[in-house]
Amino acid sequence: MSDAIHIERLHYRAGKNFAIKELDLHVPSGSIYGFLGPNGSGKTTTIRLILGLLRPLTGRITVLGLPMPEQYARILGQVGYVPEQPHLDPTLTVRELIDFQAAFYPRWDRARADELVQRFELDGEHLFGRLSKGQKAKLMILLALSQCGDLLVLDEPTDGLDPVVRRDILGALITYVSERGATIFISSHLVHELERVCDWVAVMDDGRLITEAPMERLKQGTKRLVVMGAPAEIVNPPFRVLTRESTNGGGAGENWVVGDWEPGMTSYFEGVGASVREVIDLDLEDGFVELLRSFRKGGTRR
Amino acid sequence: MIAMFRAVLYSQWKWSRLIVVLGTVAAFAIPLLSLQGAARADRGALQAQELLRAVQSWGTLYPLLATALGLLMAIAAWAADHRGRHIHALTLPIERWRYVLLRFGAGFVLLAAPIAAVLIGSSLAVLTATLPPGLQAYPIALAVRFAFAVFVAYALFFAVSAGTARTAGIILGVIAAVILVHVVASIANIDLNLFGAAQTVLLLGPGPLAVFTGRWMLVDV
C-alpha cells in the first residue's frame, strides 16, 4: 500500500522553544489516520507543514506522491482541509462561501454540497460570522468533502462540539471514505473519538513522534501487567516497557505497562525468574496516557 | 481562471461596495461642481481667470480622492485574509502569486467605476458649460491621469497592506527613525529637513508618485 503522506526526517523550528524533530510519518492510502497528542505537542504545526503553509528546515514531505512544498498548488487541489479555527470570511453567506470554493476546485461536487447543506440543515443565506460553532464546523466539513479530494486533513474538527454535531460530522466523513476510498488524516486530543473511527494512529508529544501503528496493534499490544519478583534489570524483552512501578501494597509486586505485547510473552518472565499474575487490557486513552508518561520520563520511542 | 476571478471579484465587491459607490459619486460630482456657474445665463461666460482658479482649486480633490480610493480598496482587498491569518488563501489550490494577482485585478476592476465616473462627469460638465474663448477642456486627459493616480495609489497600498505585521513594523520603524533624527537634528541646531527631501525625491522627482503633484485641470489654456 502506498502512502498518502510520507514524511522523512523532518525538522522544523518555530521560535526558541518549539521544534519538530526528526519526524518520520507514513499515512497509508485509504486509511483513517488518527494523529494524537496533547495541546502544544506539534500536531497543528505538522499539519501546516504537510499542507505547505510552513517550510521545513530539513527533511522531505511527499503528499499523494508529489513533493511538498514544491508542488503545493497541485497537491492542494486534491486535499480537503479543515483547520482548527474556522478561517473563512464572516461577512460572506454560506451560499457565497460554497460558490467561492467551487470556483477553485475543478473536481467540485455541487450535488454533494447541496446534499450536505440539506443534511446539515444549513441556511444558505446565513452569514458565516453568525453561524453557531457547530454550524461553522459542519460548513467546513461540507467544503472539504465537496472538493472530492483524495486526502482530507482535519485539524481537531470536532473539538468543543456537542455530541450530536460530532456524530453528524463523523458520519459524513465515514460515508465519504466508504464512497471514495479517500485517506483521512485527523488530529485530535479526543482519544475516544479517534478510537471509534481510525484504523491507524500516531502519537506525538513535544515535537516528536512517540509511536505510529495500526489501531488494533496499538490497542491489543498495550497492556498493564502485574508482575511478581521481577529483577531490577531486564535484558532484551520482546515487548516495550513503557512504565514500571511498585504496586500500592509494596512487596515484590510491580505494575508494568508494556507495548507490542503478544499472548505467550509471559514465558519471558518465567525465564528471568518472575511471574505475571495478571494481564489487563487498556483502552486507547489509557495506552495514550501511558505512552506519554513513558516518553516524558525519557522512555522508548518507535 | 475566469471562474476564480469572478469569485474573487464578487467577494471583493461585497467587502468594498460602499467605498466604490461613494467614490463613484464623488468622482462624478467633482468635475460637475468644478465648472458650476460656468454656463450661468445671468453672468454670461465666466472670466477665464476666475474659471481657471475655480477649476484648479477643485482639482486638488482628484489626487486626494485617488489616494483615498487606493488606500481603502487595498485595505478591503486583504482585510478578510488578514482576519483569517491567510490560512484560507494559502490552502487554495492556486499558486500564491496568481492569488495575489486575482485580488489585485479584482480591486482594480472595481476602481474602474470611479474612473469612469470622472470621465463621464467631466464630459457632462464640459458639454453643459460655456467656456471663455481661449480655454480648452481636457476630460479624457483628466480621466486618464486620475486612472493612473488611482492605479499607483492602489498598487502601493496593496503591497503594503499585503504585508505582515512585521512589514508594517518596519515601515513604522523607518518613519519613527526619521522623526527621531529630525528631533535630534533640531536640538543640535543642524539644518536637516528629511521630510522635505523625501517629498522632493518621491513626489517631485521623475517617478510614478509625481502623478499626484501639479495642477489637475479639467479646463486649461
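Cut-offs used in this document
- Residues numbered from 1 in each chain as written.
- Chains lettered and ligands numbered in written order.
- Predicted model: local features only at pLDDT ≥ 70, side-chain atom pairs only at ≥ 80, totals over all residues.
- Heavy atoms only, no water.
- Helix = DSSP H or I, 4+ residues; strand = E, 2+ residues; numbered from the N terminus.
- Contact = heavy atoms within 4.5 Å.
- Areas by Shrake-Rupley, 256 points an atom, 1.4 Å probe, with all protein chains shown as cover.
- Lys, Arg positive; Asp, Glu negative; His and termini not counted.
- Charge placed at Lys NZ, Arg CZ, Asp CG, Glu CD.
- Phe/Tyr/Trp six-rings, centres within 6.5 Å; stacked < 30°, edge-to-face > 60°.
- Buried < 20%, exposed > 50% of the residue type's maximum accessible area, 1.4 Å probe, protein only.
- Pairing = 2+ DSSP bridges.
- Axes fitted to C-alpha atoms, helices over the stretch in contact; angles between N-to-C directions.
- Domains from an automatic or database assignment.
- Buried area = accessible area lost by both parts, 1.4 Å probe.

Colleague: Can you walk me through the overall build of chain A in this structure?
Modeller: Scanning chain A from N- to C-terminus turns up 10 helices and 14 strands. Over its C-alpha atoms, taken along the principal directions, chain A stretches across nearly 70 × 40 × 35 Å. The long-range share in chain A, meaning contacts at least 24 apart out of those at least 6 apart in sequence, stands at 71%. Carbon and sulfur atoms make up 47% of the accessible area of chain A, which amounts to about 13100 Å² in all. Each charge class in chain A can be summarised by its mean position, and for the 35 positive and 41 negative side chains these summaries are 4 Å apart.

Colleague: Looking at this model, I keep getting lost on the packing of aromatic side chains. Mind explaining?
Modeller: Here a ring pair, both rings aromatic, is described through the centre-centre distance and the interplanar angle of the planes. Taken as a whole, this structure holds 19 aromatic pairs over all chains when the rule is applied. Centre to centre, the rings of Phe35(A) and Phe185(A) are 5.0 Å apart; their planes meet at 40°, and the pair counts as tilted. Note that Phe35(A) is positioned in strand E3 (residues 32-36) and Phe185(A) in strand E8 (residues 183-188), a separation of 150 residues in sequence. A relative accessible area of 0% means that Phe35(A) is categorised as buried. Ring centres 5.5 Å apart and planes at 15° place the aromatic pair Phe239(A) and Phe269(A) in the stacked group. With Phe239(A) in the loop between strand E11 (223-228) and strand E12 (240-246) and Phe269(A) in helix H9 (residues 266-271), this residue pair connects regions lying 30 residues apart in the sequence. Residue Phe239(A) shares its accessibility class with Phe269(A), and that shared class is buried. Grouped by ring-pair contacts, the aromatic residues Trp78(B), Tyr99(B), Phe104(B), Phe108(B), Phe151(B), Tyr154(B) and Phe158(B) constitute a single cluster.

Colleague: Is there a simple way to think about the sheet that holds strand E9 (residues 200-205) of chain A in this case?
Modeller: Strand pairing in a sheet relies on backbone hydrogen bonds, with the paired strands running either antiparallel or parallel. All names here are of chain A. If you walk across this open sheet you meet the 6 strands as E6-E7-E8-E3-E9-E10, and the pairing is mixed. Edge positions in the sheet fall to strand E6 (79-82) and strand E10 (208-214), since each of these pairs with one other strand and no more. For this sheet the average axis-to-axis angle between neighbouring strands, irrespective of direction, equals 15°. Pairing analysis gives 5 bridges linking E3 to E8, with the strands arranged parallel. Residue pairing in the sheet places Tyr-33 in a bridge with Phe-185 of E8. Each of E3, strand E7 (151-155) and E8 touches helix H6 (residues 163-180); the most contacted strand, E7, lies at about 160° to it.

Colleague: Help me understand the domain arrangement of chain B, please; the structure alone is not making it clear to me.
Modeller: Where the parts come together, the accessible area they lose is often given as the size of the interface. Residues and elements named next belong to chain B. By the assigned domains, chain B splits into domain 1 (2-163) and domain 2 (164-212). The centre of domain 1, based on its C-alpha atoms, is set 27 Å off from the matching centre of domain 2. Taken together, the contacts link 12 residues of domain 1 with 8 residues of domain 2. When domain 1 packs against domain 2, the two sides together hide about 740 Å² of surface, and 77% of this comes from carbon and sulfur. When the buried surface of domain 1 facing domain 2 is broken down by residue, Arg-145, Val-152 and Gly-163 rank first, second and third, together holding 47% of it.

Colleague: I tried to follow the sheet that holds strand E13 (residues 253-259) of chain A on my own but got confused; where do I start?
Modeller: All names here are of chain A. If you trace the 4 strands from one edge of the open sheet to the other, you get E12-E13-E11-E14, paired in antiparallel fashion. If you trace the sheet from one side to the other, it starts and ends with E12 and strand E14 (275-281), each paired once. Looking at each pair of strands side by side, their axes are set apart by 25° on average, direction ignored. The sheet contact formed by E11 and E14 spans 6 bridges and is antiparallel. By the bridge assignment for E14, Arg-224 is matched with Ile-280.

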